[in-house]
Amino acid sequence: MFKRNPFPWRKALCAGLASSLPILIGILMGNMGYGLAAGIGGFAYLYVFNQPYAQRAKMIFLVALGLAFSMALGILLSPYPVGMAIGLGVLGALGIFLFGALKIPGPSAVFFVLCFAIATGLPATPDEARIRAGLVLLGGLLSWLISMAGWFFHPHGPETAAMKKAYSQLANFAVSAAVGKSEEQYKTVTALKEAEAILLSGYSFWTHSEQYKRLYLLNDHANRLFLEILDLTRNGKALPLEISQSLLALAGAIGSRKKNEAKILQPEMSNGRIANLFMKIYDADAIMNEPIEKIEQSVKIVKPSVKSQLLGAFDKNSIVFLSALRYGIVLIVASLISYALPVERPYWIPLSCAAVMLGSTIVATFHRAIQRTFGTMIGLIIASVILLNIQNAFLVVPTIFVLTFLTELFIVRNYALAVVFITPSALLIAEYSTSIHNFTLFASARAENIVIGSLIGLSGVLLFGRKAASSKLNHFLAKTIRSQGQYVVGLFSEDNKKMSFHESGERRKMHVNLVNLITIYTSALGERAVGKSKLESLWPAIFSIELLGYYLDSALKYEERPILSDQELAQLLYVFETMARAVEQNLPPVPRQIPELQKFSTIRNEIIRLQKALTIGVEFA
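What comes next concerns the included structure. (Residues numbered from 1 in each chain as written. Predicted model: local features only at pLDDT ≥ 70, side-chain atom pairs only at ≥ 80, totals over all residues. Heavy atoms only, no water.)

## A closer look at the overall build of the chain
- For the chain, the count of helices and strands is 24 helices and zero strands.
- When each of the 621 residues of the chain is scored for burial, the buried share is 54%.
- Looking at the chain as shown, the accessible area adds up to about 28,200 Å², and 62% of this sits on carbon and sulfur atoms. (Helix = DSSP H or I, 4+ residues; strand = E, 2+ residues; numbered from the N terminus. Buried < 20%, exposed > 50% of the residue type's maximum accessible area, 1.4 Å probe, protein only. Areas by Shrake-Rupley, 256 points an atom, 1.4 Å probe, with all protein chains shown as cover.)

So, in structure tokens, the structure goes:
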């Protein structure tokens, strides 16, 4: 299946440079083996996505260190099969956990596993571990330099792009809100959450610039505008078209060096609330154009600590933790099997297993195994043509560049097509790294071990997760609802001002549960062919829970919130507990009365919608 994602031309070009340039330098200095080792460090560039440069600088450097450590560890443990298996399993599990807990997109642990696996097959002594690791680190630092080049031209490019997307989507929502298009509402919430996440991840002491402050204030305004539009259209009343046009004009002006020339005109006939909404749009325009000293708003930025994120995921019920544990155990088993079988180049078995197990669901894992197997076979044919005709070492450089370029270009469209180019690239590195020029041996070992590794990975997922998600879905659904109830009570209790946005225990607990719920639900859809329609009927409830979480977070940003009486708080807590118990018992919840929430009617309305959604979708096999 081909996805309709745009081709990442710039990233593909930079990835090709990061992987091939170190090899060229090694050849020019008279040691191609060292150049290939540094080229492995070029894998660090494959972790570049749309991160802010402040986050990218830290992440790519840490990835480069991780790849260097993987190389050293692989060389040191290569004489000891059992030690190598345990080391590979721990390395893979640690990678999966860190990338999952910190919500870092990308290839996760797979390239650390690849680097470790290649190291175990090198004709290198333990004394060379330090040199090889240093070369990998140098290649990774080259990737760091390439990835940071854009900072000189657009230091806040990713943050600006995220805000433009948020305001454009807000304009689309302003048109469709009155007719109740939940898809546009969900897209808007997603865009706003992504923009805030990118802004927070891009904050550091050296990026606290005037431009960053403007973007952060624009983000706060976007959230307030969304809630205002939602409230104005809850009775199905359409908004003036000028609102959408004004928001589009704002989106076009964000990041532009020219003053916004698009006019924001208020309609001739408008009531007080519409006029107030336009005043908020004028304020957003002023944030972009007025001197920062004239903007009477303070910027309070508090990032969630890495420690709190890791501790939140380090829990026996955390899907991130359980996935990392499963990943590590299956990798250990695959490694032990590979060394017990009479196969050449056994490290390709756990490597293929690691790649296949990155499928998000069982169905995705099955598809990934098939795609990897057939893609490899076609790739072997291409590799045969390349390796049998390339005798000049200098020709390896443009070949690696082209193969890496094509891999990155097509990975966003189709995994099998990308594997077609990954295979000859990996064979080239292995052929010249080992200095054993026996292509037939490498190709046959690669094909055989890919099949074995894919089967082990698929078996591991089937064994540990065939119905794991389906069996836990009710539990996590009830748990998330209960945590939202505790969050609501904290927001509107007498001590609500003591709650901090990023350090609130209630907020953190709800988000951990929400991440687990979404992961479990997605996995459950991939586990079951029978009863899938019943699982899909739960989507309105999952959607409502996500929206409610967003509204609760938005309410926490307001300093002035109503204080409910003990009786009203008890009623709210009872409503959430009723819904949670109904989910646990596979019964539709009995609709309960929701107390009025002055100025926060969106929260009350969403709780009512959640009760209705659970009534429809909670009964499933």
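## So, empty space enclosed by the protein
- Tallied over the full model, the rule gives two cavities of 30 Å³ or more.
- Reported here for the second largest cavity is a volume of approximately 50 Å³.
- What lines the second largest cavity is simply Asp220, Asn223, Arg224, Leu227, Ser554, Lys557 and Tyr558.
- Take the lining of the second largest cavity: its biggest share by element is four residues, from helix H9 (residues 210–232).
- Looking at the lining of the second largest cavity residue by residue, the classes come out as two nonpolar, two polar and three charged. (1 Å grid on protein atoms, 1.4 Å probe; cavity = no way out; pocket = protein on both sides within 12 Å on 5 of 7 lines; lining within 4 Å. Points joined across faces, edges and corners; volume = space filled by probe spheres on them. Nonpolar A, V, L, I, M, F, W, Y, C, P; charged D, E, K, R; others polar.)

## Comments concerning the nonpolar core
- With 88 residues, the main nonpolar core has Met163, Tyr167, Phe226, Leu247 and Ile603 as its most contacted residues.
- Here the element with the most residues in this core is H9; it accounts for twelve residues.
- With residues up to four places along the chain from it excluded, the contact list for Ile603 reads Phe492, Leu548, Tyr551, Leu552, Ala555 and Leu597.
- Counting 63 residues, the second-largest nonpolar core is a separate cluster that includes Met84, Phe99, Val113 and Ala117. (Core = buried A, V, L, I, M, F, W, Y, C linked by side-chain atoms within 4.5 Å. Contact = heavy atoms within 4.5 Å.)

## Some remarks on the packing of helix H4 (residues 81–101) against helix H5 (residues 110–120)
- Here H4 crosses H5 at 165 degrees, and the two axes come no closer than 9 Å. As far as their axial angle goes, H5 and H4 are roughly antiparallel. Of the two possible hands of crossing, H4 and H5 adopt the one that is right-handed. Contact residues: H4 offers Met84, Gly87, Leu88, Leu91, Gly92 and Phe99, while H5 offers Phe112, Val113, Phe116 and Thr120. (Axes fitted to C-alpha atoms, helices over the stretch in contact; angles between N-to-C directions. Parallel < 35°, antiparallel > 145°, perpendicular 65-115°, else oblique. Left-handed = near helix turned anticlockwise from the far one by under 90°.)

## Here's the deal with the environment of Ile400
- You can see Ile400 is positioned in helix H16 (residues 396–410).
- Ile400 sits in the buried class, given a relative accessible area of 2%.
- It is 9.5 Å that separates the C-alpha atoms of Ile400 and Leu21, two residues lying 379 residues apart in sequence.
- Sequence-distant contacts of Ile400, defined by excluding residues within four places in its chain, comprise Ser19, Ser20, Ile23, Ser425, Leu428 and Ile429.

## Quick look at the packing of helix H3 (residues 53–77) against H5
- The contact between H3 and H5 brings their axes to 7 Å, and the two run at 30 degrees. One way to sum up the angle between H3 and H5 is to call them roughly parallel. Judged by the sense of rotation from one axis to the other, the crossing of H3 with H5 is right-handed. Within the contact between the two elements, H3 uses Val63, Gly66, Leu67, Ser70, Met71, Leu73, Gly74, Ile75 and Leu77 and H5 uses Phe111, Phe112, Cys115, Phe116, Ala119 and Thr120.
- Along the lines of polarity and charge, the residues of the contact of H3 with H5 split into eleven nonpolar, four polar and no charged.

## Brief notes about the pattern of salt bridges
- Scanning the model with the defined rule gives ten salt bridges in all.
- Between Glu408 and Lys11 there is a salt bridge, and its shortest N-O distance comes to 3.5 Å. Of the two residues, Glu408 is situated in helix H16 and Lys11 in helix H1 (residues 9–28); the sequence distance between them amounts to 397 residues.
- The exposure class assigned to Lys11 is buried, which follows from its relative accessible area of 15%.
- The residue Lys165 makes a salt bridge to Glu194 at a minimum N-O spacing of 3.3 Å. Taken as a pair, Lys165 in helix H7 (residues 157–176) and Glu194 in helix H8 (residues 182–201) lie far apart in primary sequence, 29 residues in all.
- Residues joined by salt bridges that share partners form a network here, namely Arg482, Glu577 and Glu584. (Salt bridge = Lys/Arg side-chain N within 4 Å of Asp/Glu carboxyl O.)

## Notes on the packing of aromatic side chains
- Under the defined criterion, the tally for this structure stands at 21 aromatic pairs.
- Ring centres 6.5 Å apart and planes at 20 degrees place the aromatic pair Phe226 and Tyr551 in the stacked group. Placement of the pair is Phe226 in helix H9 and Tyr551 in helix H22 (residues 539–556), with a sequence separation of 325 residues. Pair check on accessibility: Phe226 and Tyr551 agree, each one buried.
- Aromatic ring contacts, followed pair by pair, group Phe7, Trp9, Phe401, Phe405 and Phe410 into a single cluster.
- The residue whose ring lies beneath Lys11 is Phe49, and the NZ or CZ to ring-centre distance is 3.7 Å. (Phe/Tyr/Trp six-rings, centres within 6.5 Å; stacked < 30°, edge-to-face > 60°. Lys NZ or Arg CZ within 6 Å of the ring centre and 35° of its normal.)

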